[in-house]
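Close look at the chain arrangement
Read off the chains here:
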Amino acid sequence: MKKTEAELLENQWDVENMEVDPEVLAKYVRYDVDEERAVATITFDRPERLNAIPVAAFERVGDLVKEAETDDRVKVIVFTGEGEHFGTGADAAELGHYIGYKNGTDKASRRRPAQRQRILPDRNVLSSGFTRPIIESLKATICQVQGYCYGGHFQIALSADIVIASPDARFTHPAFRYLGPAPQDMYHWIEKVGLTTMKDVMLTMRAIGAEEGERKGLVTKVVPRDELQKWVDDYADAIAVMPLDSLMMGKSMMQVVMEARGKGLGAMTGWVGHGWATNVSFADGDWNFLKERREKGIAQALADRDRLVAPYFRLSDSRSREE
């Protein structure tokens, strides 16, 4: 039987501090097919953690997209999140551990992981493992976004064909808060929001509000929260009228044009460059995520980081002002 990336990487990353049980991952990332409507739904179900999911669960997301792509009953793949938020990316408790950092309680466990330990999980799980299947899916993909859309969930929104969002939706990547303007998929950032906004968000780590996202091209449509499900259903139903062959040929042609515009190279910046970001050298006085998490715990560390900047730039306590 083919091994999962989690199994292949168990000697590379710090598996003792990560969740890799397939049954648990399947609980956090559910999959359903409505054959009558030709819609597959991938649901993030960990609302008590703002739908943050284990790193290994992102491989499951990619696998489910591939499954839906080969299922002739499916024309549309919808991503949703239970509760108040779409999702906040990978579980922050696992950050660092997935590239090989240990507990950090002694000199040996604080040793910096080798680049080979950083490259493989970044490429195979947190880049090519789930964003590439979404970007290259020949089925239509829709994100139903409410509340926070951060980190890996933001990468899903960037990769999807259509994003329907409620007015309270907010989009960004917290890695900018942990590591500075860390490399991401630069192609999709620039295509979706433009270079000026990309620099604004990466350098200040602020979030993009739903209405700003609609103006910039990240969000397809902003709708009232109580109408969000209906609009997503309506979009999915409109797409499902299309013949499956036509849909998949159309998506194929889009891929050709995207490649000509630099999609392949742009995507590589996410995993090639990420090793630099996770190997950053902190000077005295710099805010160090791994150190702060070790000494204060996740919640307090992130709350302290938010308070270092004006409310407009915070990710948790305030809403971004619309210009």
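Quick note: structure is the one above.
What you are looking at is a predicted structure, and each value in this text was computed from that prediction instead of being measured.

Parameters and conventions
- Residues take numbers from 1 onward in each chain, read along the sequence in its written order.
- Since the coordinates come from a predicted model, pLDDT governs what is reported: local features require at least 70, and pairs of side-chain atoms require 80 or more to be given and counted, while whole-chain, interface and lining totals use all residues.
- The side-chain values count all of the structure's non-hydrogen atoms but skip hydrogen atoms and water molecules.
- Working definition: helices are DSSP H or I runs of at least four residues, strands are E runs of at least two. Numbering for both runs from the N terminus.
- The globule rule used here is 2.2 Å times the number of residues to the 0.38 power, and the radius of gyration it is set against is calculated over C-alpha atoms.
- In this scheme, a residue with accessible area under 20% of its type's maximum is buried, one over 50% is exposed, and one in between is partly exposed, where area comes from a 1.4 Å probe on protein chains only.
- Should any heavy atoms of two residues lie within 4.5 Å, those residues are considered in contact.
- Charge assignment: positive for Lys and Arg, negative for Asp and Glu; neither His nor the chain ends contribute.
- Taken as the charge location is NZ of Lys, CZ of Arg, CG of Asp or CD of Glu.
- The term salt bridge refers to a pairing of a side-chain nitrogen on Lys or Arg with a carboxyl oxygen on Asp or Glu at a separation within 4 Å.
- To get an axis, fit a line to the C-alpha atoms, keeping to the stretch in contact for a helix; angles then go from 0 to 180 degrees between the N-to-C directions.
- The definition of a nonpolar core used throughout is a set of buried Ala, Val, Leu, Ile, Met, Phe, Trp, Tyr and Cys residues joined through side-chain atoms within 4.5 Å.
- Here a strand pair is declared whenever DSSP counts at least two bridges between the two strands.
- Patch definition: residues above 30% relative accessible area lacking any salt bridge, with like charges linked at up to 9 Å and the nonpolar side chains Val, Leu, Ile, Met, Phe, Trp and Tyr linked at up to 5 Å.
- For the accessible areas, the method is Shrake-Rupley and the probe is 1.4 Å, while residue cover comes only from the protein chains on display.
- What a helix should span is 1.5 Å times the count of its residues minus one.
- This arc describes the spread of directions from the helix axis toward the C-beta atoms.

The next point concerns the overall build of the protein. A tally of helices and strands in the protein yields 15 helices and nine strands. Its C-alpha atoms give the protein a radius of gyration of 19 Å, within 12% of the compact-globule value 20 Å for 323 residues. With the C-alpha coordinates aligned to their principal axes, the bounding extent of the protein is approximately 60 × 55 × 40 Å. Across the 323 residues that make up the protein, the buried fraction comes to 53%. Long-range pairs, those at least 24 residues apart, make up 72% of the contacts in the protein between residues at least 6 apart in sequence. Here the protein holds 43 positive side-chain charges and 51 negative ones, and the gap between their average locations is 7 Å.

Once that is clear, we can look at the pattern of salt bridges. The tally for this structure, following the rule as stated, stands at 24 salt bridges. The partner of arginine 132 in a salt bridge is glutamate 136, and the shortest N-O contact between them spans 3.1 Å. With a relative accessible area of 46%, arginine 132 lands in the partly exposed category. Here the residues in one salt-bridge network are Arg132, Glu136, Glu259 and Lys263, joined through shared partners.

As a packed pair, helix H8 (residues 186–193) and helix H9 (residues 195–204) sit with axes 7 Å apart at the nearest point and diverge in direction by 115°. Along the contact surface, H8 presents Met186, Trp189, Ile190 and Val193, while H9 presents Leu195, Thr197, Met198, Val201 and Met202.

The next point concerns the environment of threonine 105. Locating threonine 105 in the fold gives a position in the loop between strand S3 (76–81) and helix H4 (115–124). Threonine 105 sits 189 residues away from arginine 294 along the chain, and the two C-alpha atoms are 8.1 Å apart.

This paragraph deals with the nonpolar core. Membership of the largest hydrophobic core comes to 67 residues, with the highest contact counts inside it found for Val29, Phe79, Cys143, Val145, Ile156 and Phe171. Contact partners of phenylalanine 79, with chain neighbours within four places excluded, come to Ile42, Phe44, Val61, Val65, Phe86, Ile134, Thr141, Ile142, Cys143, Gln144 and Ile156. If you look at the next biggest cluster of nonpolar residues, it comprises 14 residues, including Val78, Ala140, Ile142 and Val232.

Bringing the sheet that holds strand S7 (residues 170–172) into the picture now. Taking strand neighbours across the sheet as the criterion, the three strands line up as S5-S7-S8 in an open arrangement whose pairing is mixed. The strands lining the two open edges of the sheet, one partner per strand, are strand S5 (148–150) and strand S8 (208–209). Bridge count between S5 and S7: three bridges; the pairing is parallel. Residue pairing in the sheet places tyrosine 148 in a bridge with arginine 170 of S7.

Of all six residues making up strand S4 (residues 140–145), six are buried, and the element is well covered by its neighbours. Burial along S4 is two-sided: the residues Ala140, Ile142 and Gln144 and Thr141, Cys143 and Val145 are all buried. When S3 meets S4, the two strands line up parallel, connected through four bridges. Bridging across to S4, valine 78 finds its partner in isoleucine 142. Bridge count for S4 against strand S6 (residues 162–165) is four bridges, and the pairing is parallel. If you follow cysteine 143 over to S6, its bridge partner there is valine 163.

Looking now at the sheet that holds strand S2 (residues 39–44). Strand order in the open sheet formed by six strands is S1-S2-S3-S4-S6-S9, with mixed pairing between adjacent strands. Since the sheet does not close on itself, it has two edges, and those belong to strand S1 (29–34) and strand S9 (221–222), each with one partner.

Bringing a nonpolar patch on the surface into the picture now. Residues Met253, Val256 and Val257 make up a contiguous nonpolar surface patch of about 290 Å² in total accessible area. With respect to the helices, strands and loops of the structure, methionine 253 is situated in helix H12 (residues 244–260).

For H12, which comprises 17 residues, the first-to-last C-alpha distance of 25 Å matches the rise-based estimate of 24 Å (1.5 Å per residue) to within 8%. Within H12 the residues assigned to the buried category are Leu244, Leu247, Lys251, Gln255 and Met258. On an axial view of H12, the arc spanned by its buried residues comes to 80°, and they lie on one face. When the buried face of H12 is taken as reference, the exposed residues oriented beyond 90 degrees from it are Asp245, Met249, Met253, Val256 and Ala260. Against helix H5 (131–135), S4, H8, helix H11 (228–240) and helix H13 (263–277) lie the buried residues of H12. A positive phi of about 105° marks glycine 262, the residue just after H12.

Turning to unusual backbone geometry, a few remarks are in order. Of note, asparagine 51 is a non-glycine position whose phi angle comes to about 65°, a positive value. By secondary structure assignment, the location of asparagine 51 is in the loop between S2 and helix H3 (57–69). Here asparagine 51 falls in the buried class, since its relative accessible area comes to 0%. Phi at methionine 205 is positive, roughly 60°, even though this residue is not glycine. Take methionine 205: it is sitting in the loop between H9 and S8.

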